[in-house]
Amino acid sequence: MIEEIRKAAELIKGAKYTIAFTGAGVSQESGIPTFRDPGGIWDIVSPEEFGTAQGLISTLLNKPDKLREFLKNSLDTMRKAKPNPGHVALAELERMGLLKAVITQNIDNLHQEAGNQNVYELHGNLYRFRCTQCRDIRKFEKNEALSIFDNIIEGELDISSVMEKAPKCLSCGSVMRPDVVLFGEPVQQLQESFALAAQAEVTLVLGTSGTVYPAALIPRITRERGGWVIEINPYSPGYTELATVSIQGKSGEIMPVIIEEIKK
Ligand code: NAD
Ligand code: ZN
């Protein structure tokens, strides 16, 4: 494996334009379960009930206690999650001038917490709210957003109390919802991300199964434009046939070793 790690370090060091494309797996070592692995979120609850706007409303109407339990567990997990050595390594790579951007499918804000400045969030951010009418955005500190969610799930959990406790838009006064992309909703910042992928000499693919389209196209775009793909994944790599270097391992264990190699 050290040979692959050396090769990855060499490619990143030699490239003028490297980006990272990350998925749920980069946050696994921070204690946030992935979606599709055994024990992942979709093993525990169904995407139909908890992954779509319609499903969430119907779960709220018909099974409020089940929704409360799901939200409480999810919020506890998010509250405890801190950036792991994989996130920290990506922030260091950016500071070293070797990483132009992180494109993530995660909503957990951990890349920003680790120190990355240039983060594109395809599926939104759990701590940002969006107006349901005019689409205005309000950003909250993580703790502030978590208290808003805590307040919502305490006491009666029904539509009128959710609407009352949800933040209101500063422009039009309407109810705001978390600015995350649910199933069936359009991905955010996709064109910008495709443009980055097309420019990239190296795309580092970390912790994604490559099954959620259109985001999964990102490494393919880099490859089609003649760039290299480096993949790090312990269980189910999605780009083996595409990857110049494929490393079987956890991002929090492999990324710090790649940084050490780059510094040599
Ligand atoms: P996924 O669940 O489909 O795949 C996760 C991938 O990560 C798998 O290939 C797995 O082998 C790999 N993995 C597991 N542990 C790893 C580790 N320690 N290091 C590196 N790789 C590891 O996730 P996905 O491809 O990101 O797509 C699922 C969707 O789930 C995304 O849309 C994302 O929005 C959402 N999601 C986000 C979070 C989060 O914000 N942290 C968590 C779960 C799901
Ligand atoms: Zn508004």
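A brief look at the structure comes next. Only a predicted model underlies this, so the values are computations on that prediction, with no experimental measurement involved. (Residues numbered from 1 in each chain as written. Chains lettered and ligands numbered in written order. Predicted model: local features only at pLDDT ≥ 70, side-chain atom pairs only at ≥ 80, totals over all residues. Heavy atoms only, no water.)

1. A closer look at the overall build of the protein
Our working rule: Helix and strand definitions follow DSSP, with helices as H or I runs of at least four residues and strands as E runs of at least two, each counted in order from the N terminus. What the globule rule says is 2.2 Å times the number of residues to the power 0.38, and the radius of gyration is computed from C-alpha atoms. Under the scheme applied here, a residue whose accessible area is under 20% of the maximum for its type counts as buried, over 50% as exposed, and between as partly exposed, the area being computed with a 1.4 Å probe on protein chains only. We call two residues in contact whenever any of their non-hydrogen atoms come within 4.5 Å of each other. Only the protein chains shown count as cover for residues, and all accessible areas are computed by the Shrake-Rupley method using a 1.4 Å probe. Two residue types count as positive, namely Lys and Arg, and two as negative, namely Asp and Glu; His and chain ends fall outside the count. The atoms used to mark charge sites are NZ of Lys, CZ of Arg, CG of Asp and CD of Glu.
A tally of regular secondary structure across the protein gives 12 helices and nine strands. Here the C-alpha atoms of the protein give a radius of gyration of 19 Å, agreeing with the 18 Å that 2.2 N^0.38 yields for 264 residues. When the backbone C-alpha atoms are referred to their principal axes, the protein occupies close to 60 × 40 × 30 Å. The buried share of the protein, taken over its 264 residues, is 49%. Contacts in the protein between residues at least 24 apart in sequence constitute 67% of all its contacts with a sequence separation of at least 6. Surface exposure of the protein reaches about 12,700 Å², of which carbon and sulfur atoms provide 53%. In the protein, which carries 29 positive and 34 negative side-chain charges, the distance between the mean positions of the two groups comes to 3 Å.

2. With respect to unusual backbone geometry
Of the consecutive residues Y213 and P214, the connecting peptide bond is found in the cis state with omega at 5 degrees. Among the structural elements, P214 can be located in the loop between β7 (202-206) and α11 (218-224). You will see that R135, though not glycine, has its phi angle at about 65 degrees, which is positive. On the accessibility criterion, R135 (54% relative accessible area) is exposed. The backbone of Q189 sits at a positive phi, close to 50 degrees, despite the residue not being glycine. Mapped onto the elements of the fold, Q189 is located in the loop between β6 (176-180) and α10 (190-199).

3. Quick notes on helix α1 (residues 2-14)
Short version of the rule: Expected helix span is given by 1.5 Å per residue-to-residue step, counting one fewer step than there are residues. Of all possible arcs, the one meant is that of the directions from the helix axis to the C-beta atoms.
An ideal rise of 1.5 Å per residue puts 18 Å on 13 residues; α1 measures up with 18 Å between its terminal C-alpha atoms. Residues of α1 that are buried include every one of I5, A8, A9, L11 and I12, and no others. Seen along its axis, α1 keeps its buried residues to an arc of 165 degrees; they face one direction. Turned more than 90 degrees off the buried face of α1, the exposed positions are E3, E10 and G14.

4. Considering the environment of I148
For I148, the position within the fold is in helix α8 (residues 142-153). When its relative accessible area of 14% is taken as the criterion, I148 is described as buried. Excluding anything up to four places from it in sequence, I148 contacts F129, F140, K165 and P167.

5. Quick look at the environment of F129
Residue placement: F129 occurs in strand β4 (residues 124-131). For F129, a relative accessible area of 1% puts it in the buried group. Spatially, the C-alpha atom of F129 lies 6.4 Å from that of K139, the residues being 10 residues apart in sequence. With residues up to four places along the chain from it excluded, the contact list for F129 reads D136, I137, R138, F140, A145, I148, F149, P167, M176, R177, P178 and D179.

6. A few points about helix α4 (residues 53-62)
Of all the residues in α4, the buried ones are G55, T59 and L60. Down the axis, α4 shows its buried residues gathered within 135 degrees of arc, on one side only. In this structure, α4 carries Q54, L61 and N62 as exposed residues pointing more than 90 degrees from its buried face.

7. Structural notes on the coordination of the zinc ion (ligand 2)
Short version of the rule: Each metal's donors are the N, O and S atoms within 2.8 Å of it, or within 3.2 Å when it is Na, K or Ca, and because water is not part of the set, sites may look incomplete. Geometry is assigned from donor-metal-donor angles: four donors are tetrahedral when every angle falls between 85 and 135 degrees, four are square planar and six octahedral when opposite donors sit over 155 degrees apart with all other angles between 65 and 115, and any other arrangement is irregular.
Bound to the zinc ion (ligand 2) on the protein side are C131 (SG), C134 (SG), C169 (SG) and C172 (SG), at distances that span 2.3 to 2.4 Å. One way to put it: the four donor atoms around the zinc ion (ligand 2) meet at angles of 101 to 121 degrees, and that makes the site tetrahedral. Read in sequence order, the donor residues coordinating the zinc ion (ligand 2) give the pattern C-x2-C-x34-C-x2-C. Under the relative-accessibility criterion, C131 is labelled buried at 2%.

8. As for the pairing of β4
Formally: By definition, two strands form a pair when at least two bridges between them are found by DSSP.
Judged by how many residues are buried, β4 sits mostly within the fold: eight of eight residues are covered. Judged from the five bridges that link them, β4 and β6 form a sheet pairing that is antiparallel. In the strand pairing of β6, G124 is matched with V180. Pairing of β4 with strand β5 (residues 137-139), which is carried by three bridges, proceeds in the antiparallel orientation. Residue R128 lies in a different strand from β5, and its bridge partner there is K139.

Coordinates in, geometry out; function isn't part of it.
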